[in-house]
Amino acid sequence: MEEQLQFQGAAMNGWMLMIEGCAAAMIAMVFLWLIQRRIGNAGIVDVAWAAGIGSLFVIFAALGEGPTAHRLAIAIMGGLWGLRLAVHIHRRGHGKPEDGRYAELRRKWGPDFQPKLLAFYQLQALTIAFFSLPAALISTSPSDLVWAAWNSAGLIIWAVGWIGEWIADAQLEAFKRDPMKTESVCQRGLWRYSRHPNYFFEWLVWVGIAIFCLPAPQGWLAAACPAAMLYVLLRVTGIPATEAQALRSKGEAYRRYQQQTSMFVPWPPRKDVI
């Protein structure tokens, strides 16, 4: 009976953290929407999204009463992921025109752009809360939860994903800065084996986080995060928008790259494409 009450209490605390985190994210996104109106760059939401998730991981871990080792690990996993991605996105867009994806939305939505963008920002707030679920599950776990093999496996997979994503982004940035390049499409390093290695390793990060959460009460719920991330990357704002923009800017060179190279999972390129 006592164990059941402890389990129910942990679940209730976890959902309370999620609700509070969601409310904070929604308020923050209203302020961010007002800022983008002033500066004319809707792409700042991408930086805020990564930073928001990473921040909630750290805050939940600090506020929770779960086992210290687990909370420290989940804070590092989410915090480092959010910090690296936010800094990368900021550096990539600093001093440059608005990202092509948002410029296209600005063109398509016309006079309805700002109200629709506010709704889009609020949707981002909801996804920030959603992707903070693993931190809530771990941070509100019973304090006597022992470190399990699943935790170690998840931490290792997360590390592979985090390092792989960092390498992929660094390789692409180096390609863009190379004044001697003759090709218009990056096919160097990991980009030779996948058209979106950064997205693949991004997904792997969340697989690792979900596996890390398995020993926690209701830890299986964290599997929703890599599942949702995979759907977003493959079907929504990840690969579809990125490839549409690449086709507009690079044309036939990118079409050939599509024919030769795996879309997502790194794989040896095809040799039979003429």
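Scoring rules and cut-offs
Residues numbered from 1 in each chain as written. Predicted model: local features only at pLDDT ≥ 70, side-chain atom pairs only at ≥ 80, totals over all residues. Heavy atoms only, no water. Helix = DSSP H or I, 4+ residues; strand = E, 2+ residues; numbered from the N terminus. Buried < 20%, exposed > 50% of the residue type's maximum accessible area, 1.4 Å probe, protein only. Contact = heavy atoms within 4.5 Å. Areas by Shrake-Rupley, 256 points an atom, 1.4 Å probe, with all protein chains shown as cover. Lys, Arg positive; Asp, Glu negative; His and termini not counted. Charge placed at Lys NZ, Arg CZ, Asp CG, Glu CD. Salt bridge = Lys/Arg side-chain N within 4 Å of Asp/Glu carboxyl O. Phe/Tyr/Trp six-rings, centres within 6.5 Å; stacked < 30°, edge-to-face > 60°. Lys NZ or Arg CZ within 6 Å of the ring centre and 35° of its normal. Core = buried A, V, L, I, M, F, W, Y, C linked by side-chain atoms within 4.5 Å. Axes fitted to C-alpha atoms, helices over the stretch in contact; angles between N-to-C directions. Parallel < 35°, antiparallel > 145°, perpendicular 65-115°, else oblique. Left-handed = near helix turned anticlockwise from the far one by under 90°. Nonpolar A, V, L, I, M, F, W, Y, C, P; charged D, E, K, R; others polar.

Here we take up the overall build of the chain. Helix and strand counts for the chain come out as 11 helices and zero strands. Of the regular secondary structure in the chain, the N- to C-terminal order runs α-α-α-α-α-α-α-α-α-α-α. Each principal axis of the C-alpha atoms in the chain carries an extent, and together these give about 65 × 45 × 25 Å. Classification of the 274 residues of the chain by burial places 45% in the buried group. At a minimum sequence separation of 6, the contacts of the chain that also span at least 24 residues come to 78%. For the chain, the accessible surface area stands at approximately 14,300 Å², while carbon and sulfur atoms represent 66% of it. Side chains of the chain carry 25 positive and 19 negative charges; the gap between the two charge centres is 11 Å.

Another point: the pattern of salt bridges. Counted by the stated rule, this structure contains eight salt bridges. Measuring nitrogen to oxygen at the nearest pair gives 3.3 Å for the salt bridge that ties Glu-165 to Arg-84. With Glu-165 in helix 7 (residues 149–177) and Arg-84 in helix 3 (residues 68–93), this residue pair connects regions lying 81 residues apart in the sequence. Overall, the relative accessible area of 3% leaves Glu-165 in the buried class. The exposure class of Arg-84 is buried, given its relative accessible area of 10%. In this structure, Glu-98 and Arg-106 form a salt bridge, with 2.7 Å as the shortest nitrogen-oxygen distance. The class for Glu-98 is buried, based on a relative accessible area of 18%. By relative accessible area, which is 30% here, Arg-106 ends up partly exposed. Taken together, the salt bridges that share partners define one network made up of Arg-84, Glu-165 and Asp-169.

When we look at a pair of aromatic rings, we describe it by the centre distance and by the angle of the planes. Throughout the structure, instances matching the rule amount to 16 aromatic pairs. Their ring planes at 40 degrees and their centres at 6.0 Å tell us that Trp-109 and Phe-113 sit as a pair that is tilted. Since its relative accessible area comes to 4%, Phe-113 is described here as buried. Measuring from ring centre to ring centre gives 5.1 Å for Phe-200 and Phe-201, while their planes differ by 75 degrees; the resulting arrangement is edge-to-face. Phe-201 matches Phe-200 in its accessibility class, with the two residues each being buried. Here the aromatic cluster, defined as three or more aromatic residues joined through ring pairs, consists of Trp-49, Phe-57, Trp-81, Phe-130, Phe-131 and Trp-206. The residue whose ring lies beneath Lys-181 is Phe-175, and the NZ or CZ to ring-centre distance is 5.4 Å.

Our focus in this paragraph is the nonpolar core. Trp-49, Ile-53, Ile-74, Trp-81, Tyr-121, Trp-206 and Ile-209 are the most contacted members of the largest nonpolar core, which totals 56 residues. Mapped onto this core, the elements with two or more residues apiece are helix 1 (2–39), helix 2 (44–63), helix 3, helix 5 (113–131), helix 6 (133–139), helix 8 (197–213) and helix 9 (224–235). A total of 10 residues in this core trace back to one element, the largest contributor, which is helix 8. Ranked by size, the runner-up nonpolar core spans nine residues in total, among them Val-185, Cys-186, Ala-246 and Tyr-254.

Bringing the side chain of His-196 into the picture now. Considering the arrangement of structural elements, one finds His-196 in the loop between helix 7 and helix 8. For His-196, a relative accessible area of 3% puts it in the buried group.

Further remarks concern unusual backbone geometry. One non-glycine residue, Gln-218, adopts positive backbone phi at about 60 degrees. Along the polypeptide, Gln-218 turns up in the loop between helix 8 and helix 9. A relative accessible area of 25% places Gln-218 in the partly exposed class.

The angle between the axes and the distance between the axes are what describe a pair of packed helices. At a minimum axis distance of 8 Å, the contact between helix 8 and helix 9 shows a crossing angle of 165 degrees. The pairing of helix 8 with helix 9 is recorded here as roughly antiparallel in orientation. Judged by the twist between their axes, the crossing of helix 8 over helix 9 is right-handed. Every residue of helix 9 that contacts helix 8 at Tyr-199, Glu-202, Trp-203, Trp-206, Val-207 and Ala-210 is listed here: Cys-225, Pro-226, Met-229, Leu-230 and Leu-233. Residues that form the contact of helix 8 with helix 9 fall into these classes: 10 nonpolar, no polar and one charged.

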